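# Chain and residue survey
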Amino acid sequence: MMDDLRPLPAEVAALLRRVGAPPRLAAHLRLVHDVAAQLLDWLAAHAPGLVVDRAAVLFGAATHDIGKTLHPEELAGPGSAHEAAGARMLEEFGDLARFAANHARWDRPDATPEELLVTLADKVWKGKRVDDLERRVAGLLPGEPWEAFMALDDELTRIADTADERLAFQNAYPTA
């Protein structure tokens, strides 16, 4: 399964090299980016009328934790200092810096669909399920709410079922 993992966008890979991102962080960002791409592919097939900025979601997923470069203690432990630090690191990318600042703040009333998808990818890659977040994302989908939620639940279950492989992939890389 890890053989078909999507590479990070070249621009992001170069940025991570430039800022000296630890290998485990780069692996994590690649995994979240890949899960975000899977979610976007699923949405394109199941909710083709939903307008989402695919490039923004993929950039956000690939950079959301970049601030952990400056706060490496948060690679293996809790903390939120990386969020503001990451937004500052991404200032050159304008509005896209918001993903670093907001990926843990999905419960804001003004969270965009793109921000919700980045956060969802950041949770489900490791098999974590957050009911309220999933309900918000399902609320973006057409059709009856319960049908949208069940369809999304099926996709998230499929992704979560391979979380152990992703965790092993990430943990094979050093934190420094």
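Look a little higher up for the structure.
These numbers were taken from a predicted model, which means no experiment stands behind them.

A complete count under the given rule lists 13 salt bridges for this structure. Measuring nitrogen to oxygen at the nearest pair gives 3.2 Å for the salt bridge that ties Glu 115 to Arg 98. Of this pair, Glu 115 sits in helix H6 (residues 113–124) while Arg 98 is found in helix H5 (residues 98–102), placing the two residues 17 residues apart along the sequence. Each of the two residues, Glu 115 as well as Arg 98, counts as buried.

Listed in full, the buried residues belonging to helix H7 (residues 131–138) are Leu 133, Glu 134, Val 137 and Ala 138. With its buried residues spanning 135° around the axis, H7 presents them on a single face. Against H6 and helix H8 (145–160) lie the buried residues of H7.

Between helix H2 (residues 23–46) and helix H9 (residues 163–171), the least distance of the axes is 8 Å, while the angle of their chain directions is 155°. As far as their axial angle goes, H9 and H2 are roughly antiparallel. Taken together, the residues of H9 that come into contact with H2 (itself represented by Arg 24, Ala 27, His 28, Arg 30, Leu 31 and Val 35) are Arg 166, Phe 169, Gln 170 and Asn 171.

The next point concerns the side chain of His 103. With respect to the helices and strands, the residue His 103 is situated in the loop between H5 and H6. At 3.0 Å, the side chain of His 103 and the backbone oxygen of Ala 100 are in polar contact. Beyond its immediate sequence surroundings of up to four residues, His 103 is in contact with His 64, Asp 65, His 82, Glu 83, Thr 119 and Asp 122.

Bringing the packing of H2 against helix H3 (residues 54–63) into the picture now. At their nearest, the axes of H2 and H3 sit 7 Å apart, and the two run at 155° to each other. By the criterion of interaxial angle, the relationship of H2 to H3 is roughly antiparallel. Crossing geometry of H2 relative to H3 is assigned as right-handed. Counting all contacts with H2, which are made through Leu 29, Val 32, His 33, Ala 36, Ala 37, Leu 40 and Asp 41, the residues of H3 involved are Arg 54, Val 57, Leu 58, Ala 61, Ala 62 and Thr 63. Partitioning the contact of H2 with H3 into residue classes produces 9 nonpolar, 2 polar and 2 charged.

So, how was this worked out
- Residues numbered from 1 in each chain as written.
- Predicted model: local features only at pLDDT ≥ 70, side-chain atom pairs only at ≥ 80, totals over all residues.
- Heavy atoms only, no water.
- Salt bridge = Lys/Arg side-chain N within 4 Å of Asp/Glu carboxyl O.
- Helix = DSSP H or I, 4+ residues; strand = E, 2+ residues; numbered from the N terminus.
- Buried < 20%, exposed > 50% of the residue type's maximum accessible area, 1.4 Å probe, protein only.
- Arc of directions from axis to C-beta.
- Contact = heavy atoms within 4.5 Å.
- Axes fitted to C-alpha atoms, helices over the stretch in contact; angles between N-to-C directions.
- Parallel < 35°, antiparallel > 145°, perpendicular 65-115°, else oblique.
- Polar contact = N/O pair within 3.5 Å; in protein donor to acceptor, adjacent residues only side chain to side chain.
- Left-handed = near helix turned anticlockwise from the far one by under 90°.
- Nonpolar A, V, L, I, M, F, W, Y, C, P; charged D, E, K, R; others polar.

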